[in-house]
Amino acid sequence: FEITKVPGGTGSMYNLIPALASLNQQCLFILDGDQRQEIPEVESIADSDLETTVQRLIGGATPKLLLHGGNDPDLPALKTKELRKVLAWISEHVTYLPGDDPESLLLKLGANPAVFTSVTAKEEWDRIARDAMGRPAYEPVDSRDILGEQERALASLSDDLPELREIRDRIKKFVEDSTKS
């Protein structure tokens, strides 16, 4: 398997989910923790609530399902079946990082005692990268500089931290389940 960062962020990922579910693609979406939602049991959702439930789980967008158009009398039943398939796929193929966002999670794991929001964590990583590179405040650092510092920080962490174990266990379970089918 391979790990790919989807360009465009969470919104782009949400748009892909219905098609990937319809095609039963074996991929795992790992979203930021602040996107975390309770994913209901497929059987517990009434047919009349399916579309709004899936819509909520994919960021509010109307799910673009792979259905034949036209005057097919079976279209409502097919739509219901596809929405259930999408919901089931989400429960098996979408997971969330611990915490709210990767930047503040990494700062926390690195034993930084401060509490960060998504915005202040990004500012802190900018400062860390700037300090590491010896750049004055008026000289910019770019996303590659910041990512380099984040990668160094991640590499210095113990693999036994509970948050890293949680992420690793979820990926491992997904890979094991994927190879069974």
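As the structure is a prediction and not an experimental result, all values here were calculated from the model.

## What to know about the overall build of the protein
Counting its secondary structure elements, the protein contains seven helices and two strands. Reading the protein from its N terminus to its C terminus gives the helix and strand order α-β-α-α-β-α-α-α-α. Taken over the C-alpha trace, the protein has a radius of gyration of 20 Å; the compact-globule value for 181 residues is 16 Å, which it surpasses by more than 25%. Its C-alpha atoms put the protein at 70 × 35 × 30 Å along the principal axes. For the protein, with 181 residues in total, the buried portion stands at 33%. When the accessible area of the protein is evaluated, it comes to approximately 11,400 Å², of which 55% is carbon and sulfur surface. The protein carries 21 positive and 32 negative side-chain charges, and their two centres are separated by 2 Å.

## Overview of the pattern of salt bridges
One pass over the structure, following the stated rule, counts 13 salt bridges. Measuring nitrogen to oxygen at the nearest pair gives 2.5 Å for the salt bridge that ties Arg 127 to Asp 131. One end of the pair is Arg 127 and the other is Asp 131, both in helix α5 (residues 118-133) and four residues apart, which spans about a single turn. Its relative accessible area of 39% is what places Arg 127 among the partly exposed residues. According to the relative accessible area criterion, Asp 131 is partly exposed, its value standing at 48%. Through salt bridges that share partners, Glu 124, Arg 127 and Asp 131 make up one connected network.

## Digging into unusual backbone geometry
The residue Asn 24 is not glycine, and still its phi comes out positive at about 50°. If you trace the backbone, Asn 24 turns up in the loop between α1 (9-22) and β1 (29-31). The exposure class assigned to Asn 24 is partly exposed, which follows from its relative accessible area of 47%. The phi dihedral of Ala 111 is positive, around 70°, even though this residue is not glycine. Structurally, Ala 111 can be placed in the loop between α4 (102-109) and α5.

## Focus: the nonpolar core
Grouped together as the largest cluster of nonpolar side chains are 22 residues, with contacts concentrated most on Ile 17, Phe 29, Val 86, Leu 87, Trp 89, Ile 90 and Val 94. Contributing elements (two or more residues each) for this core: α1, β1, α2 (50-57), α3 (75-93) and β2 (94-96). In this view, Phe 29 contacts Met 13, Leu 16, Ile 17, Leu 20, Trp 89, His 93, Val 94 and Thr 95; residues no more than four positions away in its chain are not counted. Leu 109, Val 141, Leu 157 and Leu 164 belong to the second-largest nonpolar core, a separate cluster that totals twelve residues.

## Section: α3
For α3, with 19 residues, the first-to-last C-alpha span of 26 Å sits near the 27 Å given by 1.5 Å per residue. Taken as a whole, α3 has its buried residues at Glu 82, Leu 83, Val 86, Leu 87, Trp 89, Ile 90 and His 93. The buried residues of α3 occupy an angular sector of 160° when the element is viewed end-on, so they sit on one face. Facing away from the buried side of α3, by more than 90 degrees, are the exposed residues Ala 77 and Lys 81.

Rules of the game
Residues numbered from 1 in each chain as written. Predicted model: local features only at pLDDT ≥ 70, side-chain atom pairs only at ≥ 80, totals over all residues. Heavy atoms only, no water. Helix = DSSP H or I, 4+ residues; strand = E, 2+ residues; numbered from the N terminus. Rg over C-alpha atoms; globule rule 2.2 N^0.38 Å. Buried < 20%, exposed > 50% of the residue type's maximum accessible area, 1.4 Å probe, protein only. Areas by Shrake-Rupley, 256 points an atom, 1.4 Å probe, with all protein chains shown as cover. Lys, Arg positive; Asp, Glu negative; His and termini not counted. Charge placed at Lys NZ, Arg CZ, Asp CG, Glu CD. Salt bridge = Lys/Arg side-chain N within 4 Å of Asp/Glu carboxyl O. Core = buried A, V, L, I, M, F, W, Y, C linked by side-chain atoms within 4.5 Å. Contact = heavy atoms within 4.5 Å. Expected span 1.5 Å × (residues − 1). Arc of directions from axis to C-beta.

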